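Chain by chain, the residues:
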Amino acid sequence: MNRGFLIVGNKAVTKPFSLNDLAGSAGRMDILCRFVAQALFISHGIRKNVEVYLLLLGEPKPPKAIKIVGKEVKTMAPDERNIAGLIRKALKIECNKNWKRSTSGIYISKKNLKKLLDELTNRYKIVYLKETGKDIRNFVKQIDKDCLFILGDHLGLSEEQERIVKDYASEVISVSPISLQADQCVVIVHYELDRSTI
Ligand SMILES: C[S@@+](CC[C@H](N)C(=O)[O-])C[C@H]1O[C@@H](n2cnc3c(N)ncnc32)[C@H](O)[C@@H]1O
């Protein structure tokens, strides 16, 4: 089954940025890069059944969405700097509401959270990952459709973002009693789904 992951980068900048300051002037782009790495990479390979969506809401031209398609990606390494370089390249493209290809498997468009979910809701069961949700171990037993998991960044989702997500999400799921970093949650989701669906 296919898996999708979407992270909301509330401060992630929407213009090309310095690779030397991902956590600072790039608006916590480091979080998004680690998220991509954990969503896509396995030992010596890429999960072909995964798509990753990054919603960039930082200055100067929010919103921008980046889509990374596992089965199309060719020139990506799992380190933050390499992934950041590919995101930076995508941000050099003048984009509109349609997806434009930047490099192999990487696309950019000008979509907000609602437009992105409008598009994805046809293909995926939408799942909101939140500390207070239901235990993932019960959820995985009943998966009957490809799932897209939505996570916040270091700030989490705002009330407005959470309201939008809950309009689309059929489930709110927790992966641990502890509040974790977004990329750590992705590892747990893969682990639980690998164990129950492969
Ligand atoms: C670093 S946490 C956000 C912390 C932020 N201060 C807050 O209160 O929302 C990043 C994201 O990971 C997800 N997350 C963190 N811990 C989780 C857990 N135990 N179960 C499910 N999702 C979790 C949530 O989507 C959260 O928005």
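Structure first, text after, so check above.
Residues numbered from 1 in each chain as written. Predicted model: local features only at pLDDT ≥ 70, side-chain atom pairs only at ≥ 80, totals over all residues. Heavy atoms only, no water.

S.K.: With reference to specific residues and values, describe the site of the ligand.
M.R.: For the ligand, the set of nearby residues contains 18 residues, the closest of which are L129, V175, S176, I178 and L180. At a separation of 3.2 Å, an oxygen atom of the ligand approaches a polar backbone atom of G152. Here H154 contributes a backbone N or O atom positioned 3.4 Å from a nitrogen atom of the ligand. Within the complex, 78% of the 560 Å² of free accessible area of the ligand lies under protein. Counting residues per element, the shell around the ligand draws most heavily on strand β8 (residues 125-135), at three residues. In terms of residue class, the shell around the ligand is made up of nine nonpolar, six polar and three charged. (Near = heavy atom within 4 Å. Polar contact = N/O pair within 3.5 Å; in protein donor to acceptor, adjacent residues only side chain to side chain. Areas by Shrake-Rupley, 256 points an atom, 1.4 Å probe, with all protein chains shown as cover. Helix = DSSP H or I, 4+ residues; strand = E, 2+ residues; numbered from the N terminus. Nonpolar A, V, L, I, M, F, W, Y, C, P; charged D, E, K, R; others polar.)

S.K.: Quick one: what's the story with the pairing of strand β7 (residues 106-109), residue by residue and with numbers?
M.R.: Because side chains alternate across β7, one face comprises the buried residues I106 and I108, and the other comprises Y107 and S109, equally buried. Taken together, the four bridges between strand β5 (residues 64-69) and β7 define a ladder with antiparallel strand orientation. Across the sheet, the residue bridging to K67 is Y107, located in β7. Sheet analysis places strand β6 (residues 100-103) next to β7, joined by three bridges and oriented antiparallel. Directly across from T103, in β7, lies its bridge partner I106. Here β6 hands over to β7 after two residues, with G105 in that stretch at a positive phi of 80 degrees. (Buried < 20%, exposed > 50% of the residue type's maximum accessible area, 1.4 Å probe, protein only. Pairing = 2+ DSSP bridges.)

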